[in-house]
Amino acid sequence: GWAGEGPGAGGKNRHVCHAAARLEMGSLWEEFNRLGTEMIVTKAGRRMFPTFQVKLSGLDPLADYVLLMDFIPLDDKRYRWGWGSRGRGPHLGVLSPSLPCRYAFHSSSWLAAGRAEPAAPGRVHFHPDSPAKGAQWMRQIVSFDKLKLTNNLLDDNGHIILNSMHRYQPRFHVVFVDPRRD
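Residues numbered from 1 in each chain as written. Predicted model: local features only at pLDDT ≥ 70, side-chain atom pairs only at ≥ 80, totals over all residues. Heavy atoms only, no water.

(A) Here's a closer look at the overall build of the protein. Broken down by element type, the protein carries 2 helices and 13 strands. Out of the 182 residues belonging to the protein, those deemed buried represent 40%. For the protein, the proportion of contacts with a sequence separation of at least 24, taken over those separated by at least 6, is 81%. Just so you have it, the protein exposes about 10100 Å², and 52% of that area is on carbon and sulfur atoms. (Helix = DSSP H or I, 4+ residues; strand = E, 2+ residues; numbered from the N terminus. Buried < 20%, exposed > 50% of the residue type's maximum accessible area, 1.4 Å probe, protein only. Contact = heavy atoms within 4.5 Å. Areas by Shrake-Rupley, 256 points an atom, 1.4 Å probe, with all protein chains shown as cover.)

Written as structure tokens, this is what we have:
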């Protein structure tokens, strides 16, 4: 449960204090996490797999909300690929909940290869249907299938910029749009 977490959770606006999100395909995300899978990001940008999808509840049906995602570094390390004693190749093209981006796997463990590079410019991805009424968000599964990740620091397509060979945590945000404010 994400509802009620984070700083100031006790003083949340009444339009978001009961909001809850259930991760769809949770068992697939858990399996990827258990296996220690990774996703390779490219300069051109690549869609996340599995796609981040949630089912929302507890929103005010008549209020407007913006949904967005961002990514934060999971640690201050850079990783490298090391061949395991079993000779297994890298696990490519998949994403775990901790979103490792191209880093090393060696005998069932990731190998730190030094300090992390400076963080890439922080970006957020707004769901393309934002803003929308709570009733619309709760009616169906919300999918972030348009979200793309890139390692291109000069990206001008609005993709989320991540450093290769680093681990990231995706974050999902539900933001109430106060009609009294611009």
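Picking up where we left off.
(B) Main features of the packing of aromatic side chains. In total, this model carries 6 aromatic pairs according to the counting rule given. Taking the centre distance of 6.4 Å and the plane angle of 85° together, the rings of W29 and F52 count as edge-to-face. Of the two residues, W29 is situated in helix α1 (residues 26-35) and F52 in the loop between β2 (46-47) and β3 (53-57); the sequence distance between them amounts to 23 residues. Here W29 falls in the buried class, since its relative accessible area comes to 2%. Here the aromatic residues W29, F52, F144 and F172 are joined through ring pairs into a cluster of three or more. (Phe/Tyr/Trp six-rings, centres within 6.5 Å; stacked < 30°, edge-to-face > 60°.)

(C) Just the sheet that holds strand β11 (residues 148-150), in detail. Within the open sheet, the 3 strands sit side by side as β2-β11-β12. Their pairing is mixed. At either end of the open sheet lies a strand with only one pairing partner, and these are β2 and β12 (160-161). Examined bridge by bridge, β11 and β12 share 2 bridges and lie parallel to one another. Each residue of the ladder has a partner; that of L149, found in β12, is I160. (Pairing = 2+ DSSP bridges.)

(D) Looking closely at unusual backbone geometry. The step from F49 to P50 runs through a cis peptide bond, and the omega angle for that step is 0°. In this structure, P50 sits in the loop between β2 and β3. Of the consecutive residues S130 and P131, the connecting peptide bond is found in the cis state with omega at -10°. Position of P131 relative to the elements: it lies in the loop between β8 (125-126) and β9 (132-133). For M25, which is not glycine, the phi dihedral falls at a positive 55°. Structurally, the position occupied by M25 is in the loop between β1 (20-23) and α1. The phi dihedral of M165 is positive, around 70°, even though this residue is not glycine. Structurally, the position occupied by M165 is in the loop between β12 and β13 (166-177).

(E) Representation of the pattern of salt bridges in the model. Applying the stated criterion to the full structure yields 9 salt bridges. R123 is the partner of D155 in a salt bridge, and the nearest nitrogen-oxygen pair spans 2.6 Å. Taken together, the positions of D155 in the loop between β11 and β12 and R123 in the loop between β7 (111-115) and β8 put the pair 32 residues apart, joining distant regions of the chain. The buried category is assigned to D155, whose relative accessible area is 5%. A residue is classified by how much of its surface remains accessible, and R123, at 25% relative accessible area, is partly exposed. A salt bridge links R180 to D178, with the nearest nitrogen and oxygen atoms 2.9 Å apart. (Salt bridge = Lys/Arg side-chain N within 4 Å of Asp/Glu carboxyl O.)

(F) Representation of the nonpolar core in the model. Judged by nonpolar contacts, the single largest core of 27 residues is most densely connected at L56, F71, L149 and F172. Of all the secondary-structure elements, those providing two or more residues to this core are β3, β4 (64-73) and β13. It is β4 that contributes the most residues to this core, 4 residues altogether. (Core = buried A, V, L, I, M, F, W, Y, C linked by side-chain atoms within 4.5 Å.)

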